Amino acid sequence: MNRVGKGKNGFTLIELMLAMTFISLLLLAVALTVIQMGRTYNRGMIFKELNQVARTVNNDMRRTINSAQPIDMSLHYLHSETSGRLCLGQATYIWNVEKQVNDRGTDYIGFAQSDDAVRFVKIPDLGGNYCAKDSRGDLVIRDIRESDRGVMVDLLRSNDYELSIHGLEVIQNASYAESVTGQQLFSVALRLGTSNIEAMNDDQTACLPPSFIGSDVSNCFIQEFTVVARTGNKVN
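Residues numbered from 1 in each chain as written. Predicted model: local features only at pLDDT ≥ 70, side-chain atom pairs only at ≥ 80, totals over all residues. Heavy atoms only, no water.

**Here we look at the overall build of the protein chain**
Counting its regular elements, the protein chain contains 3 helices and 8 strands. Secondary structure elements of the protein chain occur, N-terminal to C-terminal, as α-α-β-β-β-α-β-β-β-β-β. Out of the 236 residues in the protein chain, the part that is buried amounts to 37%. A separation of at least 24 residues holds for 66% of the contacts in the protein chain among residues at least 6 apart in sequence. Summed over its atoms, the accessible surface of the protein chain is roughly 14,600 Å², and 55% of this surface lies on carbon and sulfur atoms. (Helix = DSSP H or I, 4+ residues; strand = E, 2+ residues; numbered from the N terminus. Buried < 20%, exposed > 50% of the residue type's maximum accessible area, 1.4 Å probe, protein only. Contact = heavy atoms within 4.5 Å. Areas by Shrake-Rupley, 256 points an atom, 1.4 Å probe, with all protein chains shown as cover.)

This is the structure we're talking about:
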């Protein structure tokens with residue numbers, strides 16, 4: 001008689017379950033690693049983009065201020081906590097912090113004929129018309145003219161990420177004054193970052209720590225820097 005079943009090997013149900021569990025854990029570990037690598041890559045790209053924009057703003061403002069005539073802070077630097085304009089004779093800088101862009105309050109400086117957001121732009125403005133006021137003390141040009149949209153420069157333009165300005169202050173160094181040349185020393189303190197203000201503290205000076213509700217450490221960045229430049233040369 002032939003004996004059936006003797007000498008045949010196979011996997012038990014427990015062995016199959018253990019093998020499936022191991023494979024599942026391995027796949028999970030691989031997936032988590034890929035996700036973490038993606039977040040790290042994205043964070044690195046945002047940081048690179050922000051640094052590049054910061055360098056562009058730094059160089060542009062230093063070059064423009066250096067070539068400007070003497071500045072009267074009361075006439076050429078008009079600002080609030082959330083928006084402002086700096087008129088330098090040849091060009092004017094106009095900005096709104098991101099919170100103002102979202103709220104569109106009374107101080108918001110927008111386009112005269114569009115609802116498109118204005119964050120930080122540079123407009124050719126011979127004579128500083130954007131800072132001119134009428135006899136009642138009101139601005140002659142309140143919002144950005146449609147004719148200037150084609151010639152203005154968006155200083156926060158980014159290929160992949162929406163960047164914003166969270167603070168800008170122009171400070172004149174009163175102790176530095178050249179009586180002969182009329183040169184003045186200015187510093188411009190800027191705070192740039194991503195536009196996700198819900199992941200930042202109340203005054204947008206820092207991103208929320210990982211333990212806080214709403215934190216987004218992978219996509220939130222804030223960078224502060226200062227532009228120092230001399231302006232005004234009355235000697236021909």
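**Considerations on the state of the cysteines**
Simply put, the disulfide is a covalent bond whose two ends are the sulfur atoms of two cysteines. Scanning the entire structure with this criterion turns up 2 disulfides. Residue Cys 87 pairs covalently with Cys 131 via a disulfide, S to S 2.0 Å. Here the S-S torsion is close to 90 degrees, and the disulfide linking Cys 87 with Cys 131 is therefore right-handed. With Cys 87 in strand 2 (residues 83-87) and Cys 131 in the loop between strand 4 (120-124) and strand 5 (153-154), the pair connects residues that are 44 residues apart, well separated along the chain. Note on Cys 87: relative accessible area 2%, which makes it buried. (Disulfide = S-S within 2.5 Å.)

**Description of the sheet that holds strand 4**
Taken in spatial order, the 5 strands of this open sheet run 1-2-3-4-5, and their pairing is antiparallel. Each edge of the open sheet carries a strand with a single partner, namely strand 1 (77-79) and strand 5. As defined by bridge partners, strand 2 adjoins strand 3 (residues 91-96) across 5 bridges and the pair is classed as antiparallel. Paired with Leu 86 across the bridge in strand 3 is Tyr 93. (Pairing = 2+ DSSP bridges.)

**Remarks on the environment of Arg 157**
In this fold, Arg 157 is placed in the loop between strand 5 and strand 6 (163-177). Sequence separation of Arg 157 and Phe 120 is 37 residues, and the distance between their C-alpha atoms is 9.1 Å.

**So, the pairing of strand 4**
Of all 5 residues in strand 4, 4 are buried; the element is thus mostly enclosed. Pairing of strand 3 with strand 4 involves 5 bridges; the strand directions are antiparallel. When the sheet's bridge partners are listed, Ile 94 is paired in strand 4 with Val 121. Two strands pair when backbone bridges link them, and strand 4 and strand 5 are joined in this way by 2 bridges, in the antiparallel orientation. Across the sheet, residue Lys 122 finds its bridge partner in strand 5, namely Val 153.

**Structural notes on unusual backbone geometry**
One can expect most non-glycine residues to show negative phi and most peptide bonds to be in trans. Positive phi, close to 55 degrees, is recorded for Arg 104, a residue that is not glycine. Relative to the helices and strands, Arg 104 is located in the loop between helix 3 (98-103) and strand 4. Overall, the relative accessible area of 36% leaves Arg 104 in the partly exposed class. Backbone geometry at Gln 204 places phi at a positive 55 degrees, although glycine is not the residue there. Tracing the backbone through its elements, the reader meets Gln 204 in the loop between strand 7 (184-194) and strand 8 (222-231). On the basis of relative accessible area, Gln 204 is assigned to the buried category, the value being 11%.

**Some words on the nonpolar core**
With 29 residues, the main nonpolar core has Met 61, Phe 120 and Leu 190 as its most contacted residues. Those elements giving two or more residues to this core turn out to be helix 1 (13-66), strand 3, strand 6, strand 7 and strand 8. Of all the elements, helix 1 adds the most residues to this core, at 7 residues. Contacts of Phe 120, omitting those with residues within four sequence positions, involve Val 57, Met 61, Tyr 93, Ile 94, Trp 95, Val 153, Asp 154, Leu 155, Leu 156, Ile 165, Leu 168 and Leu 190. The next biggest cluster of nonpolar side chains, apart from the first, holds 15 residues, and it includes Cys 87, Ile 94, Ile 123 and Cys 131. (Core = buried A, V, L, I, M, F, W, Y, C linked by side-chain atoms within 4.5 Å.)

**So, a nonpolar patch on the surface**
Together, Phe 22, Ile 23, Leu 26, Leu 27, Val 30 and Val 34 give the surface a local cluster of nonpolar side chains, amounting to about 610 Å² of exposed area. Counting through the fold element by element, Leu 27 comes out in helix 1. Of the residues examined, Leu 27 reaches a relative accessible area of 58% and is grouped as exposed. (Patch = residues over 30% accessible without salt bridge, like charges linked within 9 Å, V, L, I, M, F, W, Y side chains within 5 Å. Salt bridge = Lys/Arg side-chain N within 4 Å of Asp/Glu carboxyl O.)

Purely spatial values, then, with no claim about function.
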